[in-house]
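Working through the structure, step by step
Residues per chain are reported as follows:
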Amino acid sequence: MAARKRGELFTILETSADTEPSAVSDGEDCPLNLSVDEEDEGEPELKSAAVVEAEEEEAAGHETEDAASYIAGGGCNIILVTGNGIKHEEYEEESYYASSNNCSDTTSTDSDIDFSDLEEEEHAGLFAPYDVLDDECTSPDFWGEPDQVISIEPFTADCGPQHSLGDDADTLDYFRLLFPDSLFEHMVEQTNNYALYRQRRSGRSDPHWHPTDVREMRAYVGLNILMGINQLPDYGMYWASDIFIGNAGFKKTMTARRFEKLNQNLHLCDRLSEPSKGELGYDGLYKIRPLLDMVGNTMWDSYLPNRCLTVDECSIATKGRFSPTQYMPSKPLRKGLKVWMLCDSRSGYCHRTRLHVGKPSDDVSTAALGHRMVMSLVRGLEGRYHHLFMDSFFTSVPLLERLLQDGIYSCGPTNPYRRGYPDALKPRNVGKLDPGEFYQCQRGNLVATVTRDAKVVSCLSSNSAPGIVGIGPGSKRDGDVGDGDASSLSALGIPRPLPLLLYQENMRGVDLCDQLRECYQVGRPCKKWWRYFLWFYVNLCIVNAYIILRESRGGVPPAGFNGKEFTQRHFRVRLAQQLIGDYQGARGMERAARKRHADSPLEYGHRLERMSERSRRCRNCTNKGLRHESVFGCKICNVHLCRGGCFSEFHK
């Protein structure tokens, strides 16, 4: 047994003298049953662990006392996991799996974001071979013994951030890679158009609205970013007169009324040309279609995928009752808007998203939906030899066969009762399994596994050879484990087959993205469902921009940062400050002019005159903690003031 060194993630051990280090998998050394329990005979059609052990002892008698034989019960490779990652020591450059984190992608400009039940015709071509593959995998002779050599092509494509920013680039420059200025201009145009649309529909003009511009829209987004860092129960509290609650920066940037008007009129589409439901060209995502198209392209082009990718779902918390809301009892957030994401397993960068509405009625529809979603998410990755990890909702035999045909290797748990899964590995045929015991079937690169860890797990994979066993870290430290002590090795943890180890290590991309995104929310709860998607994608662009900056600069913070570590919080605060810049709304400019000319307010048009028929609270008395009302005031400052000393005192 090779001794483990400090810093190694795991060690591969050879238990058979006939096993060659350069071989991917030896058919005679990979039995169907790889059991930890030597006394369990398994099913009649499955080779028991005791028989396998006897064969191995006859082939290599001098190794019968090896601890690995105690754990695996046969001529199988043993992996001792001693760290947080997975790395093969002797097989690092072999074909069945390599621990490289490099990956690649193509620069597709197609938008793949839409409700699943609105694109039946668009994705029909992607789903056409499903029925053929489904019929093929249900044939009795489809699966065989796990004695076939698998072949996995090496990953050699380009990967990582793709931009031409220099060392002097700041947070706003990286954010513009994902959220360009043209999108701000589109938001300004459609917001002004929607404000006029509302006024024409109501039949009266809005005296408190005036057209917005790009500088104000950037400041508006910057304030929403800061609200996620400095969170208050109600957005009006940011403009409170209480010095312990109100925010001077918010008051200087724009008034609360102006912020509310931007909230009311914010829009991303032309309402006049929106098709009604049932008309030709109807799109359920019409309200956010420009955002989805533009952000989808920028996310896809700014970062080429690494080797290992993750497909999983995430949830967007909502308040209110919306038709797109999904109920997911197994998730921490049980109720919310569902988004399926393709993320990098190493960095958490999100490459592509798909919005989903509607629950399949049966298992066949579920498998078809998962097949279609995965194929649309990986469009453009064909022939790049990526390794894709997904959960049981997506994993099926026809899907893995189709991905393998397209040059994409995959792995994930599955439902054992789904069509195509081998009958020999179904629970009714396998029986009760001991912890660490597992059985495997194989067809080419496709390997089906059933094992018991905390519970019985069924798995499908096309990126790992059968017969590889891994032992996860246990309670003992590395220094307490002897090289040849079987009891010490078994104390490390339950042996796991290689597909489960790879899944556990790489099925984390979407979780990493969610951790970064959920730290600081963007936007406020509202009554319009599409606003939640808008702020979700703004937040997602911030997370992706932070990942690009972190990897492009190698951990070096932007110029002018004096802290020890440039975290996501520093990135968001710096980005919001650069979006706001030196912008000041009308009230901010008036206050600045008031301070400059407070000695003679009458010279600059400030006069005490009647403001309205209804009396309102005097601003000057309110600032002093008093309550007086008046119908008079200053129209330039747009405040009510008492007749007498309040006018001059307020302007000083």
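Axis separation between helix 6 (residues 181-202) and helix 7 (residues 214-229) bottoms out at 9 Å; the angle between their running directions is 105 degrees. Taken as axis vectors, helix 6 and helix 7 run roughly perpendicular relative to one another. Every residue of helix 7 that contacts helix 6 at Asp181, Phe184, Glu185, Met187, Val188 and Thr191 is listed here: Val214, Met217, Arg218 and Val221. Its residues placed into classes, the contact of helix 6 with helix 7 shows six nonpolar, one polar and three charged.

One pass over the full model with this rule turns up 21 salt bridges. Between aspartate 206 and lysine 261 there is a salt bridge, with the nearest N and O atoms lying 2.9 Å from each other. Taken together, the residues span a long stretch of sequence, with aspartate 206 in the loop between helix 6 and helix 7 and lysine 261 in helix 9 (residues 256-265) at a distance of 55 residues. The two residues aspartate 206 and lysine 261 agree in class, both being buried. The salt bridge involving glutamate 274 is made with arginine 271; its shortest N-O contact spans 3.2 Å. On the accessibility criterion, arginine 271 (24% relative accessible area) is partly exposed. A cluster of three or more residues bridged by salt bridges with shared partners is formed by Arg176, Asp181 and Arg218.

How two helices sit against one another is set out by the angle between their axes and by the gap between those axes. Running from N to C, helix 6 and helix 10 (residues 289-302) point in directions that differ by 175 degrees, and their axes come no closer than 11 Å. With respect to their mutual orientation, helix 6 and helix 10 come out roughly antiparallel. Residues Ser182, Leu183 and His186 of helix 6 form the contact with helix 10, whose own contacting residues are Pro290, Leu291, Met294 and Val295. Residue composition of the contact of helix 6 with helix 10, grouped by class: five nonpolar, two polar and no charged.

Looking now at helix 5 (residues 171-178). The set of residues buried in helix 5 consists of Thr171, Leu172, Tyr174, Phe175 and Leu178. When helix 5 is viewed along its axis, its buried side chains cluster within an angular range of 160 degrees and face the same direction. The secondary structure elements touched by the buried residues of helix 5 are helix 6, helix 10, helix 17 (529-552) and helix 18 (568-580).

Turning to the sheet that holds strand 21 (residues 639-640), a few remarks are in order. Strand order in the open sheet formed by three strands is 17-20-21, and the pairing between neighbours is antiparallel. The sheet is open, and its two borders are formed by strand 17 (609-610) and strand 21, each paired with just one other strand. As paired strands, strand 20 (residues 632-634) and strand 21 are joined by two bridges and run antiparallel to one another. Each bridged residue has a counterpart across the sheet, and for cysteine 634 the counterpart in strand 21 is valine 639.

Here the focus is the pairing of strand 15 (residues 468-471). Successive side chains on a regular strand alternate, one facing one side of the sheet and the next facing the other. Here strand 15 shows no split at all, with Ile468 and Gly470 on one side and Val469 and Ile471 on the other all buried. With three bridges joining them, strand 15 and strand 16 (residues 495-497) adopt antiparallel strand pairing. For glycine 470, the partnering residue across the bridge sits in strand 16 and is arginine 496.

Attention now moves to unusual backbone geometry. Although it is not a glycine, tyrosine 385 sits at a positive phi angle of roughly 60 degrees. Note on tyrosine 385: relative accessible area 28%, which makes it partly exposed. The residue asparagine 638 is not glycine, and still its phi comes out positive at about 60 degrees. Checked against the element boundaries, asparagine 638 lands in the loop between strand 20 and strand 21.

Here we come to the nonpolar core. Formed by 75 residues in total, the largest nonpolar core has its most connected members in Phe179, Tyr220, Met254, Ile288 and Met341. Once residues within four sequence positions are removed from consideration, isoleucine 288 is found in contact with Leu268, Leu355, Trp529, Trp530 and Phe533. Counting residues in each nonpolar core, the second largest holds 32 residues, with Trp340, Leu399, Leu403 and Cys441 among its members.

Let's shift gears to the packing of aromatic side chains. The final tally for this structure, using the stated rule, is 20 aromatic pairs. Consider the rings of tyrosine 220 and tryptophan 535, whose centres lie 6.2 Å apart with planes at 50 degrees: the pair is tilted. One end of the pair, tyrosine 220, is in helix 7; the other, tryptophan 535, is in helix 17, with 315 residues separating them in the sequence. Take tyrosine 220: its relative accessible area is 1%, and that puts it in the buried class. Relative accessible area serves as the criterion here: at 8%, tryptophan 535 is assigned to the buried category. Their ring planes at 45 degrees and their centres at 5.6 Å tell us that tyrosine 235 and phenylalanine 259 sit as a pair that is tilted.

This part is about helix 9. Considered for burial, the residues of helix 9 that qualify are Arg258, Phe259, Lys261, Leu262, Asn263 and Asn265. In this structure, the buried residues of helix 9 make contact with helix 6, helix 7 and helix 17.

Right, let's talk about the side chain of arginine 307 for a bit. In this structure, arginine 307 sits in the loop between strand 5 (303-304) and strand 6 (308-316). You can call arginine 307 buried: its relative accessible area is 4%. Among the polar contacts made by the side chain of arginine 307, one reaches the side chain of histidine 387 at a distance of 2.8 Å.

By the element assignment, cysteine 621 lies in helix 20 (residues 619-623). The exposure class of cysteine 621 is buried, given its relative accessible area of 5%.

Here is what the cut-offs are and how they apply
Residues numbered from 1 in each chain as written. Predicted model: local features only at pLDDT ≥ 70, side-chain atom pairs only at ≥ 80, totals over all residues. Heavy atoms only, no water. Axes fitted to C-alpha atoms, helices over the stretch in contact; angles between N-to-C directions. Helix = DSSP H or I, 4+ residues; strand = E, 2+ residues; numbered from the N terminus. Parallel < 35°, antiparallel > 145°, perpendicular 65-115°, else oblique. Contact = heavy atoms within 4.5 Å. Nonpolar A, V, L, I, M, F, W, Y, C, P; charged D, E, K, R; others polar. Salt bridge = Lys/Arg side-chain N within 4 Å of Asp/Glu carboxyl O. Buried < 20%, exposed > 50% of the residue type's maximum accessible area, 1.4 Å probe, protein only. Arc of directions from axis to C-beta. Pairing = 2+ DSSP bridges. Core = buried A, V, L, I, M, F, W, Y, C linked by side-chain atoms within 4.5 Å. Phe/Tyr/Trp six-rings, centres within 6.5 Å; stacked < 30°, edge-to-face > 60°. Polar contact = N/O pair within 3.5 Å; in protein donor to acceptor, adjacent residues only side chain to side chain.

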